[in-house]
Amino acid sequence: NAGVMQNPRHLVRRRGQEARLRCSPMKGHSHVYWYRQLPEEGLKFMVYLQKENIIDESGMPKERFSAEFPKEGPSILRIQQVVRGDSAAYFCASSLTSGGALEQFFGPGTRLTVL
Amino acid sequence: KNQVEQSPQSLIILEEKNCTLQCNYTVSPFSNLRWYKQDTGRGPVSLTIMTFSENTKSNGRYTATLDADTKQSSLHITASQLSDSASYICVVSGLSSGNTGKLIFGQGTTLQVKP
């Protein structure tokens, strides 16, 4: 059973370009979480999605950032018009259901560098 | 503001020695507390998950303790190995997360085990 997969592992963009980060949850998992880890900081929650629904986006910046988890295919975190401050590691996690002490399984992350 | 504070920030120990990492949190109401291990360049991997009713939980050479009254947790590593070198992250989930599974991460303790 493959774990959580993220691609690309490394992404370089110039300021103003768009970045698309993909996350394929573990097989059978329908709950996806995105986290951002800025250099020298802890992970911060961004958004929680179920299939075709955004459940909690309280950690998402109000502008330029969006996320989706379509019925078919991976979850996508999209950053428009990237700025240098967007440079970070973006981690995706998935779980079987939500809440309680249910374990979230993390992917290896996508490291975004904005030049 | 809900926070998770870890100490020490970094730690160097010799191989086969024991060590204890600390975590204090202010998240309330509290649902569960997790310890993750994050190797450099990788996603976090769960070590233990404890609910408020659990005082201790072990996973091999890792033993976590929880005092929900004082809002403190510790992670004890026994007979350390070189492969234990990593960042250890304390993560708390609060009931106010609305059962969405949103996790609040500490900054992590960077452990280096030397031969």
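Scope of this entry: the structure provided in the associated data block. Residue positions are given per chain, counting from 1 as you read along its sequence in written order. For this description, chains carry letters from A and ligands carry numbers from 1, given in the order in which they are written. Since the coordinates come from a predicted model, pLDDT governs what is reported: local features require at least 70, and pairs of side-chain atoms require 80 or more to be given and counted, while whole-chain, interface and lining totals use all residues. Computation of side-chain values: all heavy atoms of the structure, hydrogens and water removed.

Looking at the sheet that holds strand β1 (residues 5-7) of chain A
All names here are of chain A.
Part 1 of the argument: Across the sheet, which stays open at both edges, the four strands sit in the order β1-β3-β8-β7 with antiparallel pairing between neighbours. The strands lining the two open edges of the sheet, one partner per strand, are β1 and β7 (65-68). Sheet twist, expressed as the mean angle between neighbouring strand axes with direction ignored, is 15 degrees.
Part 2 of the argument: Any two strands between which DSSP finds at least two bridges are classified as paired. Only DSSP runs of H or I with at least four residues qualify as helices, and only runs of E with at least two residues qualify as strands; both kinds are numbered from the N terminus onward. As paired elements, β1 and strand β3 (residues 19-24) share three bridges and run antiparallel to each other. Residue pairing across strands places Asn 7 opposite Arg 22, the latter belonging to β3. To get an axis, fit a line to the C-alpha atoms, keeping to the stretch in contact for a helix; angles then go from 0 to 180 degrees between the N-to-C directions.

Regarding the pairing of strand β11 (residues 109-114) of chain B
As a general feature of sheets, a regular strand has side chains that alternate between the two faces.
Residue and element names in this part refer to chain B.
Part 1 of the argument: For the exposure calls, accessible area comes from a 1.4 Å probe over protein chains only, and a residue counts as buried if that area is under 20% of its type's maximum, exposed if over 50%, partly exposed in between. The two faces of β11 differ: Thr 109, Leu 111 and Val 113 on one face are buried, but Thr 110, Gln 112 and Lys 114 on the other face are not.
Part 2 of the argument: Two elements, strand β2 (residues 10-14) and β11, share five bridges in a ladder whose sense is parallel. Residue pairing across strands places Leu 14 opposite Lys 114, the latter belonging to β11.
Part 3 of the argument: Bridging between strand β9 (residues 86-94) and β11 involves three bridges; their strand directions are antiparallel. What sits directly across from Ser 87, in β11, is Thr 110.

Structural notes on the state of the cysteines
Part 1 of the argument: Two cysteine sulfurs form what is called a disulfide whenever their separation falls within 2.5 Å. Inspection of the entire model under this criterion finds two disulfides over all chains.
Part 2 of the argument: Note that Cys 23 of chain A is cross-linked by a disulfide to Cys 92 of chain A, the S-S spacing being 1.7 Å. Across the S-S bond linking Cys 23 of chain A and Cys 92 of chain A, the dihedral sits near -50 degrees, which makes this disulfide left-handed. Linking Cys 23 of chain A in strand β3 with Cys 92 of chain A in strand β9 (residues 88-95), this pair joins segments that are 69 residues apart in sequence. In terms of burial, Cys 23 of chain A and Cys 92 of chain A fall into one category: buried.
Part 3 of the argument: One disulfide in the model links Cys 23 of chain B with Cys 90 of chain B; its S-S distance is 2.0 Å. Taking the sign of the torsion about the S-S bond as the criterion, the disulfide between Cys 23 of chain B and Cys 90 of chain B, at about -70 degrees, is left-handed. Here Cys 23 of chain B is found in strand β3 (residues 19-25), whereas its partner Cys 90 of chain B is found in strand β9, with 67 residues between them in sequence.

Quick word on the sheet that holds strand β6 (residues 56-59) of chain B
Residue and element names in this part refer to chain B.
Part 1 of the argument: Sheet architecture is open: five strands sit in the order β1-β3-β8-β7-β6, paired in antiparallel fashion. Among the strands making up the open sheet, the edge pair consists of β1 (4-7) and β6. Within the sheet, the average angular offset between the axes of one strand and its neighbour, ignoring direction, is 15 degrees.
Part 2 of the argument: Bridge count for β1 against β3 is four bridges, and the pairing is antiparallel. Among the inter-strand pairings, Glu 5 is bridged to a residue of β3, identified as Asn 24.

Description of unusual backbone geometry
Part 1 of the argument: Note that the residue after Asn 7 of chain A, namely Pro 8 of chain A, is joined by a cis bond; omega there is -5 degrees.
Part 2 of the argument: Along the chain, Pro 8 of chain A turns up in the loop between β1 and β2 (10-13).
Part 3 of the argument: Omega for the bond connecting Ser 7 of chain B with Pro 8 of chain B falls within 30 degrees of zero, at -10 degrees, which places this linkage in the cis form.
Part 4 of the argument: Within the secondary structure, Pro 8 of chain B is located in the loop between β1 and β2.

What to know about the pattern of salt bridges
Two side chains of opposite charge can pair, provided their charged atoms sit close to one another.
Residues and elements named next belong to chain A.
Part 1 of the argument: Criterion for a salt bridge: a side-chain nitrogen of Lys or Arg within 4 Å of a carboxyl oxygen of Asp or Glu. Under the counting rule described, the total for this entry stands at six salt bridges over all chains.
Part 2 of the argument: Glu 18 is the salt-bridge partner of Arg 78, the closest N and O atoms lying 2.8 Å from each other. Residue Arg 78 is located in strand β8 (residues 75-79), and its partner Glu 18 is located in the loop between β2 and β3; the two are separated by 60 residues in the primary sequence.
Part 3 of the argument: Residues joined in a network through salt bridges with shared partners are Glu 18, Arg 20 and Arg 78.

Re the packing of aromatic side chains
Part 1 of the argument: Here a Phe, Tyr or Trp ring, Trp counted by its six-membered ring, pairs with any other such ring whose centre lies within 6.5 Å, and the pair is stacked when the planes are under 30 degrees apart, edge-to-face when over 60, and tilted otherwise. Within this structure, the stated rule accounts for eight aromatic pairs over all chains.
Part 2 of the argument: Arranged with centres 5.4 Å apart and planes meeting at 40 degrees, the rings of Tyr 35 of chain A and Phe 106 of chain A form a pair that is tilted. Here Tyr 35 of chain A, found in strand β4 (residues 31-37), pairs with Phe 106 of chain A, found in strand β10 (residues 105-106); they are 71 residues apart in sequence, far enough to count as distant.
Part 3 of the argument: Relative accessible area serves as the criterion here: at 0%, Tyr 35 of chain A is assigned to the buried category.
Part 4 of the argument: Centre to centre, the rings of Phe 106 of chain A and Phe 105 of chain B are 6.1 Å apart; their planes meet at 85 degrees, and the pair counts as edge-to-face. One end of the pair, Phe 106 of chain A, is in strand β10; the other, Phe 105 of chain B, is in strand β10 (residues 104-105), on a second chain. By the burial criterion, Phe 106 of chain A is buried, and Phe 105 of chain B matches it.
Part 5 of the argument: Aromatic rings pair up to connect Tyr 35, Phe 45 and Phe 106 of chain A together with Tyr 36 and Phe 105 of chain B into one cluster.
Part 6 of the argument: Note that Arg 61 of chain B overlies the ring of Tyr 62 of chain B, its terminal NZ or CZ placed 5.8 Å from the centroid. Ring-over charges, as used throughout, are those where CZ of Arg or NZ of Lys falls within 6 Å of the ring centre and within 35 degrees of the ring normal.

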